[in-house]
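Okay, here's what each chain looks like letter by letter:
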Amino acid sequence: KKQTSPWFSAKVTTENQQPISSVTVTPDTKNKPSKAKRYLKDFEIWVGKKAGEKAVKCGGPFAWSEIKKGPVTAPCEAAKSKHRYVTVILPGKKKTLAFGEIKVWMR
């Protein structure tokens, strides 16, 4: 379903509350490249204290030339230990967000 600026958030839990150091987003390999481009072109990665919050920008917008090569990793060095949510957002109108996987790396 197409939406305005669709987003997905995931809560990160660790035993010792380490800060997030980077986030990797992998394109959905089940989609044809033309569809994958529509679903991820210009996406952004943010971290925050709650789902959907854009407190610290880790990276983006990412160009299709970066995405089509495979997973995209963005450093999140400004993230604090209180930032427990990673949000992937696709800014714009009439967008559909789809990706294969998110990996979160801790300091």
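Above: the structure in question.
The structure reproduced in this document is the subject of the present report. The structure displayed is predicted, hence computed values, not measured ones. (Residues numbered from 1 in each chain as written. Predicted model: local features only at pLDDT ≥ 70, side-chain atom pairs only at ≥ 80, totals over all residues. Heavy atoms only, no water.)

**Things to note about the overall build of the chain**
Within the chain, the regular secondary structure consists of two helices and seven strands. Secondary structure of the chain in N-to-C order comes out as β-β-α-β-β-α-β-β-β. Rg of the C-alpha trace for the chain: 13 Å, near the compact-globule value of 13 Å for 107 residues, within the 12% margin. With the C-alpha coordinates aligned to their principal axes, the bounding extent of the chain is approximately 40 × 25 × 20 Å. Relative to its 107 residues, the chain shows a buried fraction of 40%. Here the analysis covers contacts within the chain between residues at least 6 apart in sequence; of these, 78% occur between residues at least 24 apart. Per element, the accessible surface of the chain, about 6400 Å² overall, is 50% carbon and sulfur. Considering the chain, the positive charge centre built from 23 side chains and the negative charge centre built from 8 side chains are found 8 Å apart. (Helix = DSSP H or I, 4+ residues; strand = E, 2+ residues; numbered from the N terminus. Rg over C-alpha atoms; globule rule 2.2 N^0.38 Å. Buried < 20%, exposed > 50% of the residue type's maximum accessible area, 1.4 Å probe, protein only. Contact = heavy atoms within 4.5 Å. Areas by Shrake-Rupley, 256 points an atom, 1.4 Å probe, with all protein chains shown as cover. Lys, Arg positive; Asp, Glu negative; His and termini not counted. Charge placed at Lys NZ, Arg CZ, Asp CG, Glu CD.)

**Description of the packing of aromatic side chains**
Inspection of the entire model under this criterion finds two aromatic pairs. Summarising the aromatic geometry, the rings of Phe-8 and Phe-99 are spaced 5.5 Å apart at their centres and angled 65° between planes, so their arrangement reads as edge-to-face. Remark: Phe-99 occurs in the loop between β6 (85-89) and β7 (101-106) and Phe-8 occurs in strand β1 (residues 7-11); sequence separation between them is 91 residues. For Phe-8, a relative accessible area of 39% corresponds to the partly exposed category. Positioned above the aromatic ring of Trp-46, the side-chain terminus of Lys-54 is 5.4 Å from the ring centre. (Phe/Tyr/Trp six-rings, centres within 6.5 Å; stacked < 30°, edge-to-face > 60°. Lys NZ or Arg CZ within 6 Å of the ring centre and 35° of its normal.)

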